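# Chains, contacts and geometry: an overview
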Number of protein chains: 10
Amino acid sequence: MVTAIVLIRAMRVEVTRVAEALAALEGVSEVYSVGGRYDLVAILRVSNNEEMARLVTQRMALVEGIRETETMPAFQAFSRHDLEAMFTVGE
Amino acid sequence: MVTAIVLIRAMRVEVTRVAEALAALEGVSEVYSVGGRYDLVAILRVSNNEEMARLVTQRMALVEGIRETETMPAFQAFSRHDLEAMFTVGE
Amino acid sequence: MVTAIVLIRAMRVEVTRVAEALAALEGVSEVYSVGGRYDLVAILRVSNNEEMARLVTQRMALVEGIRETETMPAFQAFSRHDLEAMFTVGE
Amino acid sequence: MVTAIVLIRAMRVEVTRVAEALAALEGVSEVYSVGGRYDLVAILRVSNNEEMARLVTQRMALVEGIRETETMPAFQAFSRHDLEAMFTVGE
Amino acid sequence: MVTAIVLIRAMRVEVTRVAEALAALEGVSEVYSVGGRYDLVAILRVSNNEEMARLVTQRMALVEGIRETETMPAFQAFSRHDLEAMFTVGE
Amino acid sequence: MVTAIVLIRAMRVEVTRVAEALAALEGVSEVYSVGGRYDLVAILRVSNNEEMARLVTQRMALVEGIRETETMPAFQAFSRHDLEAMFTVGE
Amino acid sequence: MVTAIVLIRAMRVEVTRVAEALAALEGVSEVYSVGGRYDLVAILRVSNNEEMARLVTQRMALVEGIRETETMPAFQAFSRHDLEAMFTVGE
Amino acid sequence: MVTAIVLIRAMRVEVTRVAEALAALEGVSEVYSVGGRYDLVAILRVSNNEEMARLVTQRMALVEGIRETETMPAFQAFSRHDLEAMFTVGE
Amino acid sequence: MVTAIVLIRAMRVEVTRVAEALAALEGVSEVYSVGGRYDLVAILRVSNNEEMARLVTQRMALVEGIRETETMPAFQAFSRHDLEAMFTVGE
Amino acid sequence: MVTAIVLIRAMRVEVTRVAEALAALEGVSEVYSVGGRYDLVAILRVSNNEEMARLVTQRMALVEGIRETETMPAFQAFSRHDLEAMFTVGE
């Protein structure tokens, strides 16, 4: 599983429509309208890097009303469950 | 339910330790080490704004090795399920 | 009660009109024209996060003449009255 | 009456203490801990420009734990009441 | 007397015309074409905050060819004469 | 006559002292404590470029408590008087 | 051999087309679509500085759909092979 | 195969040493000292995302003299050979 | 003699034409196409501040294809010859 | 001949000393103290890319009092003489 977090600035009057259009794409697990410098944050979860490439540079690129995106691919996920369970990331 | 996404820059040698310390906090649902300008992204989910205030300004503030954070509180969540079920903002 | 402070850059010739249009929206408690990098600061006060979402991403988005906004949702309010009275924020 | 909005970045572990110290100063009407790039927003209200100068460059400067401030003096206030009463900038 | 310093970026071919148009406005005491990141610096001197509001958000806003402004209202003036004379700013 | 405008960020607790120290330097005609991203703005007026070099890189550099400066040398001055007298750039 | 790394922001819907157009240019050794603030990174390798000038300011400039580029000419290359072999860069 | 490009700012006197230390790490294919805003660019090539996580957040983090890094994971590689052979993203 | 260094961003397809147009202006001693965040650097040398004002705000402003400029007027020149010869800048 | 322009921020009290130290280095043709966001601009001229690497990453790195540098290697030089003589990029 490959995860990425995407920070998005949208056209002002389009924020809700962009959020819905993104949420409807396969591979987009959640979209949040947020406070701060960005309008939306999307969480992407796909099965490999090639699908991520297609989602980010092709399918998301076709959603209209997006002004700017900054994609942050996740290297590793940390969660309490993992920590309680087995997690022994050599450090 | 109140959600926030937090962008985090950590001390270089501390990234993994900070990620684990954050993931161990109640209310921190996931932490990702990421590419791009930030080191970590944390997803917070708590039951109301007061808990969010405590988590962000008090409990997370005690985690050492964090250089800078930018918290983006979510106003609204969009997901395919919601869209299919015709929009019922869980809050 | 949910509060947010919004930093706004408006079209140059529209600053006063934008300020008036924002001040007329329900949930916008005050608008200030200000010096510095921003043109206007708006203080929003609504009764819950859902209304905040609607105010920020839908009703404010329809005000014309706004170039850019940065919304800062308040986690917690501090004031002398609170401090004198009961305030015992565990710290 | 002279108003200013101040954006504040504080030392991470000091955010709550700084907020309380600021809120205790005469002339500081409200302080909010906020999401986004800043930690706190303070609303200042004093009776003239000289008092504002003293509050910003002298009294607030003595509060420890502040890393950076950006003061936005308000030129004019807009609110629904004023609009209804046909604009009388309190100053 | 209220003073403000305004940093201005103008359309490239308009710098001189903008400078002249600003210098012709009542309340604009001097305009300089400058090196660095900005094109012009204007010094404004008016008799009170209301006039400053009108000058900055209304009359200057009508000067064409301005791309961006950043207004820095002065809190306090320091000069050798003041220092030699009576200046005893409690510190 | 050569003019320069200097934007200054000072140590928080030193703003007033830095302003007074700068105002006491020969060639510094005025210093203002200001709102916005900077703490102080100084207006320098000396008789030629060599004196400006000495004032900026040597004498001002010795004033303690300054964190950062950005000097904007003026190429040309515009003022209503000049405009009325048909432009004679004093230099 | 002269090397340069180029950071590229492209029009959103053009990222793949721009990447292919760049990769087809002689002297462009690789192009990557990337996460973070940029859309593409291109690695250029040509035989001398004059060819680099022509590639960057003329041939790449004709590729449509590029919004912004930042070219980082390489001064020196470091690799394990060089290090194992002869590398004795006086230090 | 997973690729990432890393932009690096190093301590001024350490640039060459940092470049050599990075180039000696397994998974770091090339390091360039470059002109522009960054000091070094490293090209990382490892066999999967987990190794990338370990290389970036653990092994590179131990190299001393690095001030700041910005990692850009590659989604897809484009090269003339691929284009000639009709696009087969090696991954 | 008055010197200024000008950092220039040009329209992508115009970089060479802008460089030639600038180099043809009297007072522009050299123009370089450069790597990094800027496209061109111009070195200006004229006999006094008034000519510099005219060159920067009027004649250069007419060159088409320039997006942005940042002019850095030189206060003082340092060179080995000066140092070997007489240079005794009181310090 | 290889040319580079270097933008430099120096420690405030060191600007003149840094300028002299840089000007004394072989390969540094001129150094200017300048207005604007930077303190100094150095023009480097050496005979090839390897010497440029050594000058920038090793010899200049040893000059104390420099806070930050941004090196812009020149791809091509344009000057009136060249234009008159029909472009022969000396390299």
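Because the structure is a prediction, the values reported are computed rather than measured.

With that settled, the discussion passes to the overall build of chain A. When its secondary structure is counted, chain A shows 3 helices and 4 strands. Tracing chain A from N to C terminus, the helices and strands come up as β-α-β-β-α-β-α. For chain A, the residues scored as buried account for 60% of the 91 residues in total. Counted over contacts in chain A with a minimum sequence separation of 6, partners at least 24 positions apart contribute 66%.

Looking at helix α1 (residues 15–23) of chain F, one finds that the buried residues are Val15(F), Thr16(F), Val18(F), Ala19(F), Leu22(F) and Ala23(F). Burial along α1(F) is one-sided: seen end-on, the buried residues are contained in an arc of 165 degrees.

As a further point, take the relation of the copies chain F and chain D. The transformation that overlays chain F on chain D combines an axial shift of 0.0 Å with a rotation of 72 degrees, and the residual RMSD is 0.0 Å. The symmetry that links the two subunits is that of a five-fold axis. Minimal C-alpha separation from the rotation axis in chain F is found for Arg67(F), amounting to 11 Å.

All right, on to the interface of chain B and chain A then. Contact residues are listed per partner, giving 37 residues for chain B and 37 residues for chain A. Interface area, chain B with chain A, both sides summed: about 3,100 Å², of which 59% is carbon and sulfur. When the buried area of chain B at its contact with chain A is split by residue, Tyr32(B), Phe78(B) and Arg80(B) rank highest and sum to 21% of it. Summed over the shared surface of chain B and chain A, the number is 4 salt bridges. Arg37(B) serves as the salt-bridge partner of Glu70(A), at 2.7 Å between the closest nitrogen and oxygen.

Attention shifts here to the pairing of strand β2 (residues 28–34) of chain B. Burial within β2(B) is extensive, with 6 of its 7 residues counted as buried. Pairing geometry for strand β4 (residues 66–78) of chain A and β2(B), over 4 bridges, is antiparallel. Counted as the bridge partner of Gln76(A) is Ser33(B) from β2(B). One ladder, built from 5 bridges, connects β2(B) with strand β3 (residues 40–46) of chain B; its direction is antiparallel. Residue Tyr32(B) lies in a different strand from β3(B), and its bridge partner there is Val41(B).

Structural alignment of chain B on chain A gives an RMSD of 0.0 Å, achieved by rotating through 180 degrees and translating 0.0 Å along the axis. The symmetry that links the two subunits is that of a two-fold axis. Taken as a fraction of all interface residues of chain B, those also at the interface in chain A reach 95%, which identifies the copy contact as same-surface.

Moving on to the environment of Val41(I). All names here are of chain I. One can find Val41 in strand β3 (residues 40–46). The buried category is assigned to Val41, whose relative accessible area is 0%. For the pair Val41 and Ala19, spaced 22 residues apart in sequence, the C-alpha to C-alpha distance is 8.9 Å.

Moving on: the confidence of the model for chain A. Residues with a pLDDT of 70 or more make up 88% of chain A, whose mean pLDDT is 88. Ranking the elements of chain A by mean pLDDT puts helix α3 (residues 80–84) of chain A last, at 64, and strand β3 (residues 40–46) of chain A first, at 97.

Buried accessible area, meaning the area lost when the parts come together, often serves as the stated size of an interface. Taken together, the 8 residues of chain F in the interface contact 11 residues of chain D. Together chain F and chain D conceal approximately 830 Å² of surface at their shared face, both sides included; 47% is due to carbon and sulfur atoms. Summed over the three residues of chain F that lose the most area to chain D, namely Arg12(F), Thr16(F) and Gly36(F), the buried surface amounts to 58% of that side. Summed over the shared surface of chain F and chain D, the result is 3 residue pairs in polar contact (both at pLDDT 80 or more). Of the residues belonging to the side of chain F that touches chain D, the class tally is 2 nonpolar, 4 polar and 2 charged.

On the basis of which strands lie adjacent, the closed barrel formed by 8 strands has the order β1(I)-β3(I)-β2(I)-β4(J)-β1(J)-β3(J)-β2(J)-β4(I) and antiparallel pairing. Averaged over all pairs of adjacent strands, the angle between their axes in this sheet comes to 35 degrees, without regard to strand direction. Sheet topology places strand β1 (residues 2–10) of chain J next to strand β3 (residues 40–46) of chain J; 7 bridges connect them, and they run antiparallel. Residue pairing for β3(J): Val6(J) is matched across the bridge by Ala42(J). Strands in contact with helix α2 (residues 49–59) of chain I are β1 (2–10), β2 (28–34), β3 and β4 (66–78) of chain I; relative to β3(I), the strand with the most contacts, it is inclined by about 145 degrees.

Here we take up the side chain of Thr57(G). Along the polypeptide, Thr57(G) turns up in helix α2 (residues 49–59). A distance of 2.7 Å separates a polar side-chain atom of Thr57(G) from the backbone oxygen of Ala53(G). Sequence-distant contacts of Thr57(G), that is, excluding residues within four places in its chain, are made with Arg12(I), Val15(I), Thr16(I) and Ser33(I).

On to the pattern of salt bridges. Close approach of charged atoms allows side chains of opposite charge to pair. As enumerated under the stated definition, the model contains 50 salt bridges over all chains in all. Taking the shortest distance from any N to any O, the salt bridge between Glu30(F) and Arg45(E) comes out at 3.4 Å. Of this pair, Glu30(F) sits in strand β2 (residues 28–34) while Arg45(E) sits in strand β3 (residues 40–46), which puts the two residues in different chains. Residues participating in the shared-partner salt-bridge network are Glu30(A), Arg45(A), Glu30(B) and Arg45(B).

All names here are of chain J. Along the chain, Asp39 falls in the loop between β2 (28–34) and β3. Buried charge without a partner: Asp39 forms no salt bridge, and the closest opposite charge is Arg67, 4.2 Å away. A polar contact of 2.8 Å, which involves the side chain of Asp39, links it to the backbone nitrogen of Ala10. The residues touching Asp39, leaving out its near neighbours within four places in the chain, are Ile8, Arg9, Ala10, Val15, Tyr32, Ser33, Val34 and Arg67.

Let's shift gears to the environment of Arg12(D). Summarising the element assignment, Arg12(D) is placed in the loop between β1 (2–10) and α1 (15–23). Apart from the residues within four sequence positions on either side, Arg12(D) is in contact with Thr57(B), Met60(B), Ala61(B), Ile66(B), Arg67(B) and Thr69(B). From its side chain, Arg12(D) meets the backbone oxygen of Met60(B) in a polar contact 3.0 Å long. At 3.4 Å, the side chain of Arg12(D) and the side chain of Thr69(B) are in polar contact.

This brings us to the sheet that holds strand β1 (residues 2–10) of chain E. In spatial order, the strands read β1(E)-β3(E)-β2(E)-β4(F)-β1(F)-β3(F)-β2(F)-β4(E); together these 8 strands close into a barrel with antiparallel pairing. Sheet twist, expressed as the mean angle between neighbouring strand axes with direction ignored, is 35 degrees. Together, β1, β2 (28–34), β3 and β4 (66–78) of chain E together with β4 (66–78) of chain F form the strand contacts of helix α1 (residues 15–23) of chain E, whose direction differs from that of β2(E) by roughly 165 degrees. Sitting on the sheet, helix α2 (residues 49–59) of chain F touches β1 (2–10), β2, β3 (40–46) and β4 of chain F, and the angle it makes with β3(F) is about 145 degrees.

By the secondary structure assignment, Gln58(C) is in helix α2 (residues 49–59). Beyond its immediate chain neighbours, meaning those up to four positions away, Gln58(C) contacts Thr16(A) and Ala53(C).

When helix α2 (residues 49–59) of chain J is considered as a whole, its buried residues turn out to be Asn49(J), Met52(J), Ala53(J), Leu55(J), Val56(J), Thr57(J) and Gln58(J). The N-terminus of α2(J) is capped by Asn48(J), whose side-chain oxygen sits 3.1 Å from the backbone nitrogen of Glu50(J).

What counts and how
Residues numbered from 1 in each chain as written. Chains lettered and ligands numbered in written order. Predicted model: local features only at pLDDT ≥ 70, side-chain atom pairs only at ≥ 80, totals over all residues. Heavy atoms only, no water. Helix = DSSP H or I, 4+ residues; strand = E, 2+ residues; numbered from the N terminus. Buried < 20%, exposed > 50% of the residue type's maximum accessible area, 1.4 Å probe, protein only. Contact = heavy atoms within 4.5 Å. Arc of directions from axis to C-beta. Least-squares fit on C-alpha atoms with pLDDT ≥ 70 in both. Buried area = accessible area lost by both parts, 1.4 Å probe. Salt bridge = Lys/Arg side-chain N within 4 Å of Asp/Glu carboxyl O. Pairing = 2+ DSSP bridges. pLDDT = per-residue confidence, 0-100. Polar contact = N/O pair within 3.5 Å; in protein donor to acceptor, adjacent residues only side chain to side chain. Nonpolar A, V, L, I, M, F, W, Y, C, P; charged D, E, K, R; others polar. Axes fitted to C-alpha atoms, helices over the stretch in contact; angles between N-to-C directions. Lys, Arg positive; Asp, Glu negative; His and termini not counted.

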